[in-house]
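Survey of secondary and tertiary structure
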Amino acid sequence: MRLDYVSIFPDFFAPLTLSLPGKAAEKGLLEVGVHDLRGWTHDRHHTVDDTPYGGGAGMVMKPEPWGDALDALVVPPTTTGQRTTVVFTTPSGEPFDQRLAEELATREHLVFACGRYEGIDQRVIDHARTVAEVREVSLGDYVLNGGEVAALAITEAVVRLLPGFMGNAASLVEESHAESGLLEYPVYTKPPVWRGHEVPAVLRSGDHAKVASWRREQAVRRTAQRRPDLLTPSVLDDGTPIVRATPGDAGELLTLQRACWVQEALANDMLDIPALHESLEDVRAWLGEWDTYVVRRAGRLVAAVRGRVERGEHGDVWDIGRIMVAPDLQGSGLGRILLEHIQAVAPAEVASYVLFTGAASVRNQRMYKKAGFRLRRDLPAPPGAVVLTKNAARHGTDTRRGDL
Ligand code: 6GU
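Structure report, in brief. (Residues numbered from 1 in each chain as written. Predicted model: local features only at pLDDT ≥ 70, side-chain atom pairs only at ≥ 80, totals over all residues. Heavy atoms only, no water.)

Moving on: the site of the ligand. With respect to spatial proximity, 13 residues lie near the ligand, and among them Thr90, Val137, Leu139, Tyr142 and Leu144 are the closest. Here a nitrogen atom of the ligand and a backbone polar atom of leucine 139 are 2.8 Å apart. When the ligand sits alone it has 290 Å² of accessible area, and the protein chains cover 97% of it. If you list the elements that add at least two residues to the shell around the ligand, you get β5 (85-95) and β7 (133-138). (Near = heavy atom within 4 Å. Polar contact = N/O pair within 3.5 Å; in protein donor to acceptor, adjacent residues only side chain to side chain. Areas by Shrake-Rupley, 256 points an atom, 1.4 Å probe, with all protein chains shown as cover. Helix = DSSP H or I, 4+ residues; strand = E, 2+ residues; numbered from the N terminus.)

Turning our attention to the sheet that holds strand β13 (residues 315-325). Strand order in this open sheet of seven strands is β10-β11-β12-β13-β14-β16-β15, and the pairing throughout is mixed. Each edge of the open sheet is held by one strand with a lone partner, namely β10 (242-244) and β15 (374-375). Relative to the sheet, helix α10 (residues 334-344) contacts β10, β11 (291-297), β12 (300-312), β13, β14 (352-358) and β16 (385-391), its axis offset from that of β13 by approximately 155°. Packed on one face of the sheet, helix α11 (residues 362-370) meets β13, β14, β15 and β16 and runs near 165° to β14. (Pairing = 2+ DSSP bridges. Contact = heavy atoms within 4.5 Å. Axes fitted to C-alpha atoms, helices over the stretch in contact; angles between N-to-C directions.)

Our next topic: the pattern of salt bridges. Between side chains of opposite charge, pairing is possible as soon as their charged atoms come close. Scanning the model with the defined rule gives 25 salt bridges in all. Note that arginine 99 and glutamate 103 form a salt bridge whose closest N and O atoms lie 3.4 Å from each other. In this pair, arginine 99 and glutamate 103 are both assigned in helix α3 (residues 98-104), four residues apart and thus about one turn of the helix distant. Classification of glutamate 103 as partly exposed rests on a relative accessible area of 25%. Linking aspartate 378 and arginine 376 is a salt bridge whose minimum nitrogen-to-oxygen distance equals 2.9 Å. In this structure arginine 376 comes out as partly exposed when scored by relative accessible area, which is 24%. Three or more residues are tied together by salt bridges with common partners; here these are Glu94, Asp97, Arg99, Glu103, Arg107, Glu133 and Arg135. (Salt bridge = Lys/Arg side-chain N within 4 Å of Asp/Glu carboxyl O. Buried < 20%, exposed > 50% of the residue type's maximum accessible area, 1.4 Å probe, protein only.)

A separate point is the pairing of strand β1 (residues 2-7). Of all six residues making up β1, five are buried, and the element is well covered by its neighbours. Bridge analysis of β1 against strand β6 (residues 109-114) gives five bridges, and the strand direction is parallel. Looking across to β6, one finds that arginine 2 is bridged to histidine 109. Looking at chain direction, β1 and strand β2 (residues 31-36) are connected through six bridges and run parallel. In the sheet register, aspartate 4 faces β2, and the bridge partner there is glycine 33.

Next up on the list: the sheet that holds β1. The sheet built from five strands is open, its strands ordered β2-β1-β6-β5-β7 with parallel pairing. Looking along the sheet, the strands with just one partner apiece sit at the ends: β2 and β7. On average, each strand axis in the sheet is tilted by 25° relative to the strand beside it, whichever way the strands run. Alignment of β5 against β6, held across five bridges, turns out to be parallel. Looking at β6, one finds that valine 87 is bridged to phenylalanine 112.

Where a strand is regular, its side chains alternate between the two sheet faces. Where β14 and β16 come together, seven bridges link them in antiparallel fashion. Residue pairing in the sheet places serine 352 in a bridge with asparagine 391 of β16. In this sheet, β16 lies alongside β15 in antiparallel orientation, the contact comprising two bridges. The residue bridging arginine 374 from the neighbouring strand is threonine 389, located in β16.

A separate point is the environment of glycine 146. Among the structural elements, glycine 146 can be located in the loop between β7 and α5 (148-159). Under the relative-accessibility criterion, glycine 146 is labelled buried at 10%. Considered as a pair, glycine 146 and arginine 216 are 70 residues apart in the sequence and their alpha carbons are 39 Å apart.

Set out below in structure tokens:
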């Protein structure tokens, strides 16, 4: 693979001769070229920018030096038919992720065009598309002063995937990681107790099955807390996402709530279900106090669930409620998926989950029991309702000796 970098700050790329890419270059897996854009200027001041047409703040990178740089660096299709790929690093690009790293790792020649100021004249990118594959890539939703650091980050992610680099072990790990779609579980090494922090006992138990299931559970829990967007249950089978409710959903939630609870009330021969009598203002108010998730199908809000932490005598409890599915979609499994989802997003500190349902809602109770909830006749419940609870998945991280 050949990598070229064009920038007005070529010194940024000194690290390429060190660390990972440096080693790959030594092994002959990589050829690296670093180029000063000013080398393609023709005026005395080596000017690379100018004021924007249409006015506005900041400066725009002039097209001519970039055009000459691309003329010099973009090579015609190789015998395998592969063209050069030009990567423009820009905060308005497509988000960089492992999938894109894997894709770029298959290329023979990458040219990183690192912009500064307010960006590069659009015609440079348009022209590049006529001679090369072009990717406009962003590291994430924040703004850097220039694309150099982004190009380095992309390089490191790509180069470690090259066959023969890191003995291929990395790519195997990567695969399993990508497959699970989860964040990594926490890791520990010796000593078993350090500054009062213990290594979770299960990891020292020698029980491989238990270790595996503990790690999986930790990965799911971490993912739910830090990146709920990555979690499988937050997407239905057909890819429909389960998303956080916004204040604008209040009206539709009210409609869904009425539809669901009228049905529930009729089925259970009870008419005083509080949710049935709430106003739009009530819904707006509880939306602000509960973690609420909704599902939209063809623009219509068709299902919802909410949860919040309650301080209980025996530790924090995750109160789950308002699992609602539009009447025409009931029985489709949506309720079960929402129930899984709301458990997965519970904060780490909760000791148990609790939910209430109609004493006569046999179908609901059956679903909850299938999901591991137990009917608690020993706990208080409002008239006509029952309580069900379930222990939250234990997650032995950060157990300090003194706490046990
Ligand atoms: Cl690729 N460039 C710049 N300038 N800012 C960024 C970025 C890239 N990615 C995130 N922020």
